[in-house]
Amino acid sequence: MKILRFDGGRIGVSDGKKVVDVSELCGSGPGDWPPVGINRLIRDFDALRPKLEALLAAQAGVPVDSVRLETPIPWPNKLMAYPVNYHDHAKEMASRGLADVQGYFLKSNSSLVGPADHIELPALTGREVHHECEIALIIGKEGRQILPERALEHVFGYACLLDMTVRGKEERVFRKSYDTFTPVGPWITTADEVPDPTDIGMKLWVNGELRQSANTRDLIVSVRNMIAIASSASTLYPGDIIATGTPAGVAKVVPGDTVSIEVDRVGKMALQVVQGTRGFNVVFEKPYEFVRHS
Ligand code: MN
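For every chain, the first residue of its written sequence is number 1, and the numbers climb from 1 along that sequence. Given that this is a predicted model, residues contribute local features only at a pLDDT of at least 70 and side-chain atom pairs are listed and counted only at 80 or more, while totals for whole chains, interfaces and linings are drawn from all residues. Water and hydrogen atoms were dropped before computing side-chain values, which therefore reflect all heavy atoms in the structure.

S.K.: Just to check I follow, could you spell out the sheet that holds strand S10 (residues 129-131) for this structure?
M.R.: Backbone hydrogen bonds are what pair the strands of a sheet, in a parallel or an antiparallel way. Across the sheet, which stays open at both edges, the 3 strands sit in the order S13-S10-S18 with antiparallel pairing between neighbours. At either margin of the open sheet sits one strand with a lone partner, and together these are strand S13 (165-166) and strand S18 (251-252). Pairing between strands requires that DSSP locate at least two bridges from one strand to the other. What counts as a helix is a DSSP run of H or I of at least four residues, what counts as a strand is a run of E of at least two, and both are numbered from the N terminus. Sheet topology note: the S10/S13 ladder contains 2 bridges and is antiparallel. Within the sheet, the bridge partner assigned to Val-129 lies in S13 and is Val-166.

S.K.: Explanation requested: the coordination of the manganese ion in the structure shown.
M.R.: Octahedral metals with six donors have ideal donor angles of 90 or 180 degrees. Tetrahedral metals with four donors have an ideal donor angle of 109.5 degrees. In this listing, donors mean N, O and S atoms no farther than 2.8 Å from the metal, or 3.2 Å for Na, K and Ca; water is missing from the atoms, so a site can look incomplete. Summarising the metal site, the manganese ion is bound by the protein donors Glu-132 (OE), Glu-134 (OE) and Asp-163 (OD), whose distances to it range over 2.0 to 2.1 Å. If you list the donors of the manganese ion from N- to C-terminus, the spacing comes out as E-x1-E-x28-D. Accessibility expressed as a relative area gives 0% for Glu-134, which makes it buried. Partly exposed describes any residue whose relative accessible area lies between the buried limit of under 20% and the exposed limit of over 50%, with all areas from a 1.4 Å probe on protein chains only and scaled to the type maximum.

S.K.: What is the right way to read helix H6 (residues 223-233) from this model?
M.R.: Residues spaced three or four apart along an α-helix point in a common direction, a consequence of the helix completing one turn every 3.6 residues. Looking only at H6, the buried set comprises Val-223, Met-226, Ile-227, Ala-228, Ala-230 and Ser-231. Structurally, H6 contributes buried residues whose contacts are with strand S6 (79-81), strand S11 (133-139), strand S12 (155-162) and strand S17 (241-243). Residues are treated as being in contact if the distance between any of their heavy atoms lies within 4.5 Å.

S.K.: Is there a simple way to explain the environment of Leu-4 in this structure?
M.R.: Looking at the secondary structure, you find Leu-4 in strand S1 (residues 2-6). Among the residues examined, Leu-4 registers a relative accessible area of 0% and is labelled buried. For the pair Leu-4 and Ser-14, spaced 10 residues apart in sequence, the C-alpha to C-alpha distance is 7.5 Å. Not counting residues up to four positions away in its chain, the partners in contact with Leu-4 are Arg-10, Ile-11, Gly-12, Ser-14, Val-19, Ile-38, Leu-69, Pro-186 and Trp-187.

S.K.: Looking at this model, I keep getting lost on the domain arrangement of the chain. Mind explaining?
M.R.: For interface size, the figure often reported is the accessible area lost on association. Segment limits for the domains were obtained from an automatic or database-derived domain assignment. Per the domain assignment, the segments making up the chain are domain 1 (2-70) and domain 2 (81-278). Each of domain 1 and domain 2 has a C-alpha centre, and these two points are 24 Å apart. Each partner contributes residues to the interface: domain 1 has 13 residues there, and domain 2 has 19 residues. In total, domain 1 and domain 2 occlude about 1,300 Å² of area from one another, counting both sides; carbon and sulfur atoms represent 63% of this. We define a salt bridge as a side-chain nitrogen of Lys or Arg found within 4 Å of a carboxyl oxygen belonging to Asp or Glu. Scanning the region where domain 1 abuts domain 2 turns up 3 salt bridges. As used in this structure description, the phrase polar contact means that two N or O atoms lie within 3.5 Å; if the pair is within protein, one of them must be able to donate a hydrogen and the other to accept it, and residues adjacent in sequence are counted only when both atoms belong to side chains. There are 5 residue pairs in polar contact (both at pLDDT 80 or more) connecting domain 1 and domain 2. Taken together, the elements giving at least two residues each to the side of domain 1 that touches domain 2 come down to S1, helix H1 (37-43), helix H2 (45-58) and strand S5 (69-70). Each residue belonging to the side of domain 1 that touches domain 2 can be placed in one class, and the counts come to 6 nonpolar, 2 polar and 5 charged. For any pair of parts, buried area is found by adding up, for both, the accessible area (1.4 Å probe) each one loses once the two are put together. When residues are sorted by character, Ala, Val, Leu, Ile, Met, Phe, Trp, Tyr, Cys and Pro go into the nonpolar class, Asp, Glu, Lys and Arg into the charged class, and all the rest, Gly among them, into the polar class.

Below is the structure:
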């Protein structure tokens, strides 16, 4: 099943073709602030699932392409991310900061946008903004110090995620937290539809040209171990998002580009890149030249 948000904060379920509005069942909808109805839906999903499935089967709904899809979890407790988590990306960055020696970092929740939004480049000169193709893990069940062998019990589902990044040497959280720098979508596909998290393929195109392609079998830190490591420090809550890292092929985007991402059995989305007028600050005054290693 796909769980999604659409048309100003409505909550829907989908089979990938139609959308059935379940906002009322979730006691949530447009105007909610903070918009955490979907967090509660994820927490209560096991109890709600029979009702949601019955509604999806019984109601005609509306075609998925007739609604405006929004980022599925706009207000998570945490948006966590693993750094260099594929060896080929470590090589191109000449990085020794692998995920298994660095652990996780955080991005600002306010960087989240959805599949119908734009990626807005900040007004910075002498800086490149790169795409990073990633899979989002969505946490379903609260937990702390979760054992790797029980980690999948805490996974609610998966989504496509773009970890947009200003290249440079400044704080990673600052370079990756600009508004619109974390597109997630087009929905959350529940974990039962992704039977093997050690074999999920993903691809990213810019203007139709393939730039990144990988499979979770090549992860340095596996899905199970990412959950174990993150939860050793921080309690994970329903709706938390973990960006699982990007493979080789990161590169600059420019205004007018269309960035497309597809994750096997999960879905695909395409976002336009536009130039913003805000974002300048003294920290990014100094130019930075990105050099790819091979
Ligand atoms: Mn990343």
